[in-house]
Protein chains: 2
Amino acid sequence: MSHTLGIRQAQKQKTRQALLDAALRLLEEQSLSSLGLREVTRAVGVAPTAFYRHFRSTADLGVALVEEALGSLHPMIRTTVSAVDDHDERIKRAVELIARHVDAYPAHVRFIARERHGGVQPVREAIREQLARFTEEVRTELAKDPESAGWSDDDLLMLAGLYVDQMLSTASLFLETLEAPEEERRRVERLATRQLRLIGIGRSHWRDGTT
Amino acid sequence: MSHTLGIRQAQKQKTRQALLDAALRLLEEQSLSSLGLREVTRAVGVAPTAFYRHFRSTADLGVALVEEALGSLHPMIRTTVSAVDDHDERIKRAVELIARHVDAYPAHVRFIARERHGGVQPVREAIREQLARFTEEVRTELAKDPESAGWSDDDLLMLAGLYVDQMLSTASLFLETLEAPEEERRRVERLATRQLRLIGIGRSHWRDGTT
DNA sequence: CCATGCAGTTAACAACTGTTCTCCGTAAGG
DNA sequence: CCTTACGGAGAACAGTTGTTAACTGCATGG
């Protein structure tokens, strides 16, 4: 349907992306609520007023960044949580996947971790929404597992929330090891693996007390 | 040893505390990295230059706020994690304790959640340090429990980290229910309780596979 | 009682911010 | 081909920021 999209709109999206990229880089050392619009345009090499052609405010830009950081991540979740059925293998792959994602998009991960509880309400909301989607998707995937027999929807959501929180916590830890020795990374990898394993054990004995 | 501390230093600590209080209030709607020194002094009703008599910068003030928010919390941790030996009772008390703390000091909790991954490095460091202390204290307390027989120090630290993360996550959820209907608070209470219970179950079966 | 030290004030600085209005060049669409 | 629409530039605005300097009043310690 979309035919090559004229040179006009192409250039527009190009500068829009440049603004997003520059903002993301600047946000590695500050929070969104202190990011100035002039600061961003200066980094791109464009007039301050050009900013308004793309975003109403820096908060608006932040919401767009949330979409960029988390929007394309949903397919990966599904395939990972329900990959193989050997427990330890699944955990190992999940941890490796997180590690690789942090390696590939450190600025995005940092942005999400920072602004999840940050000072800009619309951005917090956008992140909360995306994470709620993740949690819902994880629950759906967990429900398919035969191990979830006898689980209430509520309990599955509880477990899914635990997994999503753990995912974020692990990503944040990997972020701190980016400029640290390889040994530190290994340590975090082992820590995250064992925490996931413990949660998995709790999961498999959850219904033990019930008839 | 400290004899009533002269009227001079008393007044100084009074304005210092006023600066901290004003900053904490302003930080409910923004991040530390966007908090201006003039903004704080204006809120207190004092000249901008007076700020320098107490803090070198707003980052410095932030570190002081971390101390205020977390410094006095350590004794509470110890007594809670090792209170009664009925599992469900212990969990119930822990969740209630968190809820009450969020009720009593919402701004402090918000500040910690926000700046833990925030844009000001010295503050992140200070929070990380305090949380590491918490984790260490929880581990020490867990080690006393007979249920920890056969656990390595490393595994105990892993479990303690899980508990501390869960504590923060729960506090953050309670924060969002502050202006929400009572029903929401109940929901979070139940969620946190079941998540802690699942972790507890995982804990009690952790050593099952080992000889 | 008097000299010192220090919390807080006042004034001024250059630099920066978000936003508005006016303008320009040019791709797009008839 | 010619008009329109639009991405971007430029200049100017009032207001804000952090930081410096020189000051004032008063509690403090000898």
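All values reported here derive from a predicted model rather than from experimental measurement.

**Regarding the packing of helix 7 (residues 121-144) of chain B against helix 8 (residues 153-176) of chain B**
Residue and element names in this part refer to chain B.
Thinking step 1. Remark: helix 7 packs on helix 8, axes separated minimally by 8 Å, with the N-to-C direction vectors making an angle of 120°. Classed by the angle they form, the pair helix 7 and helix 8 counts as oblique. Two packed elements cross with a definite hand, and for helix 7 against helix 8 that hand is right-handed. Residues Leu131, Phe134, Thr135, Glu136, Val138, Arg139, Leu142 and Ala143 of helix 7 lie in contact with helix 8, whose contacting residues are Asp153, Leu156, Leu157, Leu159, Ala160, Gly161, Tyr163, Val164 and Leu168.
Thinking step 2. Each residue belonging to the contact of helix 7 with helix 8 can be placed in one class, and the counts come to 12 nonpolar, 2 polar and 3 charged.

**Some points on the protein's contact with DNA strand D**
Thinking step 1. Around DNA strand D, the structure places 20 residues, and the nearest of them are Arg8, Arg53 and His54 of chain A together with Arg38 and Arg42 of chain B.
Thinking step 2. Restricting attention to atoms of DNA strand D within 4 Å of the protein, one finds that 46% of them are sugar or phosphate atoms.
Thinking step 3. The separation between a base oxygen of DNA strand D and a polar side-chain atom of arginine 53 of chain A is 2.5 Å.
Thinking step 4. Interatomic distance of 2.8 Å between a side-chain N/O atom of tyrosine 52 of chain B and a phosphate oxygen of DNA strand D.

**Quick look at the relation of the copies chain A and chain B**
Thinking step 1. Take chain A, turn it by 180°, move it 0.0 Å along the axis, and it overlays chain B with an RMSD of 0.0 Å. In short, the pair behaves as if placed about a two-fold rotation axis. Closest to the rotation axis within chain A is the C-alpha of glycine 202 of chain A, separated from it by 1.8 Å.
Thinking step 2. Residue by residue, 100% of the interface of chain A is reproduced at the interface of chain B, so both copies engage with the same surface.

**Things to note about the protein's contact with DNA strand C**
Thinking step 1. In the vicinity of DNA strand C lie 19 residues, with Arg38 and Arg42 of chain A together with Arg8, Arg53 and His54 of chain B positioned nearest.
Thinking step 2. A breakdown of the atoms of DNA strand C within 4 Å of the protein gives sugar and phosphate a share of 47%.
Thinking step 3. Arginine 38 of chain A has a polar side-chain atom sitting 2.4 Å from a base nitrogen of DNA strand C.
Thinking step 4. Contact distances for DNA strand C include 2.6 Å between a phosphate oxygen and a side-chain N or O atom of arginine 42 of chain A.
Thinking step 5. For the surface near DNA strand C, the secondary-structure elements that each account for two or more residues are helix 1 (7-26) and helix 2 (37-44) of chain A together with helix 1 (7-26) of chain B.
Thinking step 6. Among the residues forming the surface near DNA strand C, the class breakdown is 6 nonpolar, 6 polar and 7 charged.

About the cut-offs
- All chains use their own residue numbering, which begins from 1 and follows the written sequence.
- Lettering for chains starts from A, numbering for ligands starts from 1, and both go in the order in which the items are written.
- Predicted model: local features are reported for residues with pLDDT of at least 70 only, side-chain atom pairs are reported and counted for 80 or more only, and whole-chain, interface and lining totals are derived from all residues.
- Values reported for side chains reflect all heavy atoms of the structure, with hydrogen atoms and water molecules removed beforehand.
- Helix axes are fitted to C-alpha atoms over the stretch in contact, other axes to C-alpha atoms as well, and angles between N-to-C directions run from 0 to 180 degrees.
- Only runs of H or I of at least four residues qualify as helices and only runs of E of at least two qualify as strands under DSSP, and these elements are numbered from the N terminus.
- Each angle is binned into one of four classes, with values under 35 degrees roughly parallel, values over 145 roughly antiparallel, values of 65 to 115 roughly perpendicular, and all other values oblique.
- For a crossing to be left-handed, the near helix must be turned anticlockwise from the far one by less than a right angle; the clockwise case is right-handed.
- By definition, residues are in contact when any of their heavy atoms lie within 4.5 Å.
- Gly is put with the polar residues, along with every residue not named as nonpolar or charged; the nonpolar set is Ala, Val, Leu, Ile, Met, Phe, Trp, Tyr, Cys and Pro, and the charged set is Asp, Glu, Lys and Arg.
- One heavy atom within 4 Å of a molecule or strand is enough for the residue carrying it to be called near that molecule or strand.
- By the criterion applied in these results, polar contacts are pairs of N or O atoms within 3.5 Å in which, for protein atoms, one can donate a hydrogen and the other can accept it, and in which residues neighboring in sequence qualify only through two side-chain atoms.
- A least-squares fit on C-alpha atoms brings the copies together, and the residues used are those whose pLDDT is at least 70 in both copies.

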